[in-house]
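Spelled out from the first residue to the last, the chains are:
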Amino acid sequence: MLNDDGHAAAGGEGEGDLLLWILVWSELAAFGVLLAAFLIRSLFEPEAVLLAKAQLSPGLAALNTMILLTSGWQAAVAARDPDKARWPLVFAALAGLAFVVVKLHEYAGEIGFTGDAAVASFFELYFLITGFHLLHVLFGALVIVVVAVRPSRANVHLITTLWHAVDLIWIVMFPVIYLV
Amino acid sequence: MLMQRLLMRSYIALLAMAGLGAALAALAGRHTLAVALILALAFAKGRLVLLDFMGLRGRGRGMAAACLAWCGLLLAFAFGRFLLVP
(Lines give C-alpha, C1' and ligand atoms only; values in the text may rest on other atoms or scores of the structure.)
Protein backbone atom coordinates (compact mmCIF):
# COMPACT_ATOMS: atom_id res chain seq x y z
CA MET A 1 0.00 0.00 0.00
CA LEU A 2 1.46 3.37 -1.03
CA ASN A 3 0.78 6.85 0.26
CA ASP A 4 0.54 10.06 -1.76
CA ASP A 5 4.30 10.20 -2.25
CA GLY A 6 4.39 6.67 -3.52
CA HIS A 7 6.05 5.41 -0.37
CA ALA A 8 5.02 2.45 1.72
CA ALA A 9 2.12 3.59 3.84
CA ALA A 10 2.53 3.95 7.56
CA GLY A 11 5.81 2.33 7.33
CA GLY A 12 6.62 0.21 9.60
CA GLU A 13 4.36 0.44 12.35
CA GLY A 14 3.11 -3.05 11.74
CA GLU A 15 4.35 -6.11 10.03
CA GLY A 16 7.31 -4.22 8.50
CA ASP A 17 8.74 -3.75 11.96
CA LEU A 18 10.18 -7.25 12.09
CA LEU A 19 13.34 -6.43 10.14
CA LEU A 20 13.70 -3.13 11.98
CA TRP A 21 13.68 -4.87 15.36
CA ILE A 22 16.09 -7.54 14.12
CA LEU A 23 18.43 -4.67 13.23
CA VAL A 24 17.90 -3.00 16.61
CA TRP A 25 18.58 -6.25 18.44
CA SER A 26 21.69 -6.97 16.42
CA GLU A 27 23.03 -3.64 17.71
CA LEU A 28 21.94 -4.32 21.28
CA ALA A 29 23.49 -7.80 21.17
CA ALA A 30 26.80 -6.54 19.75
CA PHE A 31 27.14 -3.76 22.29
CA GLY A 32 25.88 -6.03 25.06
CA VAL A 33 28.74 -8.45 24.36
CA LEU A 34 31.29 -5.62 24.18
CA LEU A 35 30.13 -4.04 27.45
CA ALA A 36 30.04 -7.43 29.17
CA ALA A 37 33.62 -8.04 27.97
CA PHE A 38 34.59 -4.63 29.35
CA LEU A 39 33.04 -5.45 32.74
CA ILE A 40 34.63 -8.92 32.88
CA ARG A 41 38.02 -7.49 31.96
CA SER A 42 37.71 -4.88 34.70
CA LEU A 43 37.06 -7.66 37.23
CA PHE A 44 40.54 -9.04 36.60
CA GLU A 45 42.44 -5.75 36.41
CA PRO A 46 40.67 -3.48 38.93
CA GLU A 47 43.68 -1.27 39.74
CA ALA A 48 44.53 -0.68 36.10
CA VAL A 49 40.89 0.14 35.35
CA LEU A 50 40.69 2.67 38.20
CA LEU A 51 43.94 4.24 37.02
CA ALA A 52 42.70 4.41 33.43
CA LYS A 53 39.26 5.78 34.38
CA ALA A 54 40.99 8.65 36.15
CA GLN A 55 42.30 9.72 32.72
CA LEU A 56 38.82 9.86 31.14
CA SER A 57 36.71 13.03 30.86
CA PRO A 58 33.30 12.25 32.39
CA GLY A 59 32.35 15.93 32.04
CA LEU A 60 32.68 15.75 28.26
CA ALA A 61 30.86 12.41 28.23
CA ALA A 62 28.04 13.97 30.28
CA LEU A 63 27.88 16.83 27.78
CA ASN A 64 27.65 14.27 25.00
CA THR A 65 24.81 12.55 26.85
CA MET A 66 22.87 15.83 26.83
CA ILE A 67 23.65 16.32 23.14
CA LEU A 68 22.49 12.82 22.22
CA LEU A 69 19.32 13.19 24.31
CA THR A 70 18.59 16.46 22.49
CA SER A 71 19.10 14.69 19.19
CA GLY A 72 16.83 11.84 20.29
CA TRP A 73 14.15 14.30 21.31
CA GLN A 74 14.21 15.95 17.89
CA ALA A 75 14.13 12.53 16.21
CA ALA A 76 11.07 11.64 18.31
CA VAL A 77 9.39 14.90 17.29
CA ALA A 78 10.08 14.02 13.64
CA ALA A 79 8.67 10.51 14.05
CA ARG A 80 5.41 11.76 15.57
CA ASP A 81 4.69 14.07 12.65
CA PRO A 82 6.46 12.76 9.53
CA ASP A 83 4.78 15.44 7.40
CA LYS A 84 6.80 18.08 9.28
CA ALA A 85 9.85 15.94 9.89
CA ARG A 86 12.44 17.81 7.85
CA TRP A 87 13.67 20.40 10.37
CA PRO A 88 13.53 18.17 13.44
CA LEU A 89 15.56 15.63 11.46
CA VAL A 90 18.10 18.29 10.49
CA PHE A 91 18.44 19.34 14.15
CA ALA A 92 18.76 15.69 15.20
CA ALA A 93 21.54 15.15 12.64
CA LEU A 94 23.36 18.35 13.67
CA ALA A 95 23.26 17.27 17.31
CA GLY A 96 24.60 13.88 16.25
CA LEU A 97 27.48 15.57 14.44
CA ALA A 98 28.12 17.74 17.52
CA PHE A 99 28.41 14.49 19.51
CA VAL A 100 31.07 13.32 17.05
CA VAL A 101 33.04 16.58 17.38
CA VAL A 102 33.00 16.44 21.21
CA LYS A 103 34.01 12.78 21.17
CA LEU A 104 36.92 13.41 18.81
CA HIS A 105 38.05 16.26 21.05
CA GLU A 106 37.88 13.85 23.99
CA TYR A 107 39.86 11.22 22.06
CA ALA A 108 42.60 13.76 21.33
CA GLY A 109 43.36 13.94 25.05
CA GLU A 110 43.22 10.17 25.54
CA ILE A 111 44.95 8.66 22.53
CA GLY A 112 48.37 9.06 24.17
CA PHE A 113 47.46 6.56 26.90
CA THR A 114 47.36 3.66 24.44
CA GLY A 115 51.17 3.57 24.63
CA ASP A 116 51.14 3.28 28.43
CA ALA A 117 51.50 -0.40 29.34
CA ALA A 118 49.69 0.06 32.68
CA VAL A 119 46.42 1.16 31.05
CA ALA A 120 46.81 0.00 27.43
CA SER A 121 44.41 -2.94 27.74
CA PHE A 122 41.68 -0.70 29.18
CA PHE A 123 42.09 1.84 26.40
CA GLU A 124 42.05 -0.87 23.71
CA LEU A 125 38.56 -1.91 24.80
CA TYR A 126 37.53 1.69 25.50
CA PHE A 127 38.40 2.83 21.97
CA LEU A 128 36.86 -0.29 20.45
CA ILE A 129 33.51 0.15 22.24
CA THR A 130 33.19 3.94 22.12
CA GLY A 131 34.68 4.10 18.62
CA PHE A 132 32.18 1.54 17.33
CA HIS A 133 29.40 3.59 18.89
CA LEU A 134 30.86 6.79 17.45
CA LEU A 135 30.77 5.27 13.96
CA HIS A 136 27.10 4.42 14.50
CA VAL A 137 26.40 8.03 15.50
CA LEU A 138 28.30 9.42 12.51
CA PHE A 139 26.70 7.05 10.02
CA GLY A 140 23.26 7.52 11.60
CA ALA A 141 23.54 11.31 11.44
CA LEU A 142 24.45 11.12 7.76
CA VAL A 143 21.50 8.82 7.04
CA ILE A 144 19.21 11.22 8.93
CA VAL A 145 20.39 14.03 6.65
CA VAL A 146 19.56 11.89 3.60
CA VAL A 147 16.10 11.07 5.01
CA ALA A 148 15.55 14.76 5.86
CA VAL A 149 15.99 15.67 2.20
CA ARG A 150 12.98 13.56 1.25
CA PRO A 151 11.23 12.31 4.37
CA SER A 152 8.76 9.47 3.98
CA ARG A 153 6.84 7.98 6.87
CA ALA A 154 8.57 4.60 6.55
CA ASN A 155 12.09 6.02 6.37
CA VAL A 156 11.53 8.44 9.24
CA HIS A 157 10.18 5.60 11.40
CA LEU A 158 13.13 3.37 10.48
CA ILE A 159 15.97 5.81 11.07
CA THR A 160 14.50 7.39 14.22
CA THR A 161 13.96 3.97 15.83
CA LEU A 162 17.56 3.01 15.06
CA TRP A 163 18.71 6.41 16.32
CA HIS A 164 16.94 5.82 19.64
CA ALA A 165 18.66 2.42 19.88
CA VAL A 166 22.03 4.18 19.48
CA ASP A 167 20.87 6.65 22.14
CA LEU A 168 19.85 3.80 24.47
CA ILE A 169 23.24 2.12 24.03
CA TRP A 170 25.02 5.34 25.04
CA ILE A 171 22.75 5.74 28.09
CA VAL A 172 23.93 2.34 29.35
CA MET A 173 27.52 2.76 28.15
CA PHE A 174 28.05 6.12 29.86
CA PRO A 175 27.79 4.96 33.51
CA VAL A 176 29.38 1.57 32.80
CA ILE A 177 32.52 3.03 31.23
CA TYR A 178 32.86 6.45 32.84
CA LEU A 179 31.09 6.54 36.18
CA VAL A 180 31.02 3.16 37.94
CA MET B 1 0.24 19.16 20.41
CA LEU B 2 -0.33 16.91 23.40
CA MET B 3 2.27 14.52 22.02
CA GLN B 4 4.81 17.33 21.57
CA ARG B 5 4.24 18.37 25.18
CA LEU B 6 4.76 14.81 26.37
CA LEU B 7 8.00 14.58 24.40
CA MET B 8 9.21 17.90 25.79
CA ARG B 9 8.41 16.75 29.33
CA SER B 10 10.30 13.50 28.80
CA TYR B 11 13.23 15.40 27.30
CA ILE B 12 13.47 17.73 30.31
CA ALA B 13 13.23 14.74 32.68
CA LEU B 14 16.01 12.99 30.73
CA LEU B 15 18.27 16.06 30.90
CA ALA B 16 17.62 16.40 34.64
CA MET B 17 18.45 12.74 35.24
CA ALA B 18 21.60 12.94 33.12
CA GLY B 19 22.74 16.03 35.05
CA LEU B 20 21.91 14.43 38.39
CA GLY B 21 23.80 11.26 37.50
CA ALA B 22 26.90 13.20 36.43
CA ALA B 23 26.73 15.40 39.54
CA LEU B 24 26.37 12.36 41.79
CA ALA B 25 29.41 10.75 40.20
CA ALA B 26 31.44 13.93 40.62
CA LEU B 27 30.40 14.64 44.21
CA ALA B 28 29.82 11.25 45.82
CA GLY B 29 32.45 9.36 43.87
CA ARG B 30 32.44 5.63 44.42
CA HIS B 31 30.08 5.44 47.39
CA THR B 32 27.88 2.34 47.03
CA LEU B 33 24.61 4.25 47.36
CA ALA B 34 25.75 6.84 44.80
CA VAL B 35 26.71 4.10 42.34
CA ALA B 36 23.34 2.38 42.84
CA LEU B 37 21.56 5.70 42.22
CA ILE B 38 23.63 6.46 39.10
CA LEU B 39 22.76 3.05 37.63
CA ALA B 40 19.09 3.41 38.62
CA LEU B 41 19.01 6.79 36.88
CA ALA B 42 20.50 5.23 33.75
CA PHE B 43 17.76 2.59 33.82
CA ALA B 44 15.10 5.29 34.23
CA LYS B 45 16.57 7.21 31.28
CA GLY B 46 16.53 4.09 29.13
CA ARG B 47 12.91 3.47 30.09
CA LEU B 48 11.88 6.99 29.06
CA VAL B 49 13.73 6.73 25.74
CA LEU B 50 12.04 3.41 24.99
CA LEU B 51 8.54 4.35 26.04
CA ASP B 52 8.32 7.98 24.95
CA PHE B 53 10.98 8.60 22.29
CA MET B 54 10.68 5.19 20.62
CA GLY B 55 6.93 5.33 21.12
CA LEU B 56 6.55 1.95 22.81
CA ARG B 57 4.30 3.26 25.57
CA GLY B 58 0.95 1.51 25.31
CA ARG B 59 2.06 -0.65 22.38
CA GLY B 60 4.87 -3.10 21.84
CA ARG B 61 4.96 -3.96 25.52
CA GLY B 62 6.91 -7.16 24.93
CA MET B 63 9.56 -5.34 22.94
CA ALA B 64 9.79 -2.56 25.53
CA ALA B 65 10.18 -5.15 28.28
CA ALA B 66 12.88 -6.99 26.32
CA CYS B 67 14.85 -3.80 25.66
CA LEU B 68 14.48 -2.77 29.31
CA ALA B 69 15.76 -6.19 30.33
CA TRP B 70 18.83 -5.58 28.14
CA CYS B 71 19.47 -2.30 29.99
CA GLY B 72 18.73 -3.81 33.38
CA LEU B 73 20.99 -6.81 32.91
CA LEU B 74 24.00 -4.74 31.87
CA LEU B 75 23.47 -2.19 34.64
CA ALA B 76 22.99 -4.94 37.22
CA PHE B 77 26.17 -6.57 35.93
CA ALA B 78 27.98 -3.24 36.36
CA PHE B 79 26.66 -2.94 39.92
CA GLY B 80 27.69 -6.52 40.71
CA ARG B 81 31.17 -5.84 39.38
CA PHE B 82 31.36 -2.71 41.53
CA LEU B 83 30.34 -4.67 44.65
CA LEU B 84 32.91 -7.36 43.91
CA VAL B 85 35.73 -4.97 43.02
CA PRO B 86 34.86 -1.50 44.35
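As the structure is a computational prediction, the values presented were derived from the model and not from experiment. (Residues numbered from 1 in each chain as written. Chains lettered and ligands numbered in written order. Predicted model: local features only at pLDDT ≥ 70, side-chain atom pairs only at ≥ 80, totals over all residues. Heavy atoms only, no water.)

**Quick look at the packing of helix α6 (residues 153-179) of chain A against helix α3 (residues 61-84) of chain B**
Two packed helices can be described by the angle between their axes and the distance between those axes.
Now for step 1: Between α6 of chain A and α3 of chain B, the shortest axis-to-axis distance is 10 Å and the interhelical angle comes to 5°. The orientation of α6 of chain A with respect to α3 of chain B, classified from their angle, is roughly parallel. Residues Leu168, Ile169, Val172, Pro175 and Val176 of chain A of α6 of chain A form the contact with α3 of chain B, whose own contacting residues are Trp70, Cys71, Leu74, Leu75 and Ala78 of chain B.
Now for step 2: Class assignment of the residues belonging to the contact of α6 of chain A with α3 of chain B gives a composition of ten nonpolar, no polar and no charged. (Axes fitted to C-alpha atoms, helices over the stretch in contact; angles between N-to-C directions. Helix = DSSP H or I, 4+ residues; strand = E, 2+ residues; numbered from the N terminus. Parallel < 35°, antiparallel > 145°, perpendicular 65-115°, else oblique. Contact = heavy atoms within 4.5 Å. Nonpolar A, V, L, I, M, F, W, Y, C, P; charged D, E, K, R; others polar.)

**Details of the packing of aromatic side chains**
All names here are of chain A.
Now for step 1: Following the criterion strictly, the structure yields 17 aromatic pairs over all chains and no others.
Now for step 2: Look at Tyr107 and Tyr126: their rings are 6.2 Å apart centre to centre, the planes differ by 80°, and that puts the pair in the edge-to-face class. With Tyr107 in helix α4 (residues 86-110) and Tyr126 in helix α5 (residues 120-149), this pair connects stretches of sequence that are 19 residues apart.
Now for step 3: Judged by relative accessible area, Tyr126 falls into the buried class, the value being 0%.
Now for step 4: Three or more aromatic residues joined by ring pairs make a cluster, and in this case those are Phe38, Phe99, Tyr107, Phe113, Phe122, Phe123, Tyr126, Phe127, Trp170, Phe174 and Tyr178. (Phe/Tyr/Trp six-rings, centres within 6.5 Å; stacked < 30°, edge-to-face > 60°. Buried < 20%, exposed > 50% of the residue type's maximum accessible area, 1.4 Å probe, protein only.)

**Points about the confidence of the model for chain A**
Now for step 1: Mean pLDDT over chain A works out to 90, with 91% of the residues at or above the 70 mark.
Now for step 2: Ignoring residues within four places in sequence, the model shows residues 1-12 of chain A, a span with pLDDT below 50, making 17 contacts including any to other chains. (pLDDT = per-residue confidence, 0-100.)

**Some thoughts on the interface of chain A and chain B**
Now for step 1: Contacts between the two partners involve 38 residues from chain A and, on the opposite side, 41 residues from chain B.
Now for step 2: Summing both sides of the interface, chain A and chain B together bury roughly 3,600 Å²; the carbon and sulfur share of this comes to 81%.
Now for step 3: Sorting the residues of chain A by area buried against chain B places Trp73, Arg80 and Val180 of chain A first, and these three jointly supply 20% of that buried surface.
Now for step 4: Summed over the shared surface of chain A and chain B, the number is zero salt bridges.
Now for step 5: Counting across the chain A and chain B interface gives seven residue pairs in polar contact (both at pLDDT 80 or more).
Now for step 6: Sorting the residues of the side of chain A that touches chain B by element identifies α1 (17-44), α2 (46-53), α3 (58-80) and α6 of chain A as the ones contributing at least two each.
Now for step 7: Examining the composition of the side of chain A that touches chain B, we find that twelve residues originate from one element, α1 of chain A, more than from any other.
Now for step 8: The residue inventory of the side of chain A that touches chain B, partitioned by class, reads 27 nonpolar, seven polar and four charged. (Buried area = accessible area lost by both parts, 1.4 Å probe. Salt bridge = Lys/Arg side-chain N within 4 Å of Asp/Glu carboxyl O. Polar contact = N/O pair within 3.5 Å; in protein donor to acceptor, adjacent residues only side chain to side chain.)

**Topic: the environment of Gly60 of chain B**
Now for step 1: With respect to the element layout, Gly60 of chain B can be found in the loop between α2 (32-53) and α3.
Now for step 2: Classification of Gly60 of chain B by relative accessible area gives partly exposed; the value is 35%.

**Notes on the pattern of salt bridges**
Residue and element names in this part refer to chain A.
Now for step 1: Scanning the model with the defined rule gives three salt bridges over all chains in all.
Now for step 2: A salt bridge links Arg41 to Glu45; its shortest N-O distance comes to 3.8 Å.
Now for step 3: Judged by relative accessible area, Arg41 falls into the partly exposed class, the value being 34%.
Now for step 4: Relative accessible area serves as the criterion here: at 29%, Glu45 is assigned to the partly exposed category.

**Structural notes on the side chain of Asn64 of chain A**
Now for step 1: If you trace the backbone, Asn64 of chain A turns up in helix α3.
Now for step 2: Leave out the neighbours within four places in its chain, and Asn64 of chain A touches Ala98, Phe99, Val102, Lys103 and Trp170 of chain A.

**Structural notes on the environment of Gly72 of chain A**
Now for step 1: Along the chain, Gly72 of chain A turns up in helix α3.
Now for step 2: Once residues within four sequence positions are removed from consideration, Gly72 of chain A is found in contact with Trp163, His164 and Asp167 of chain A together with Phe53 of chain B.

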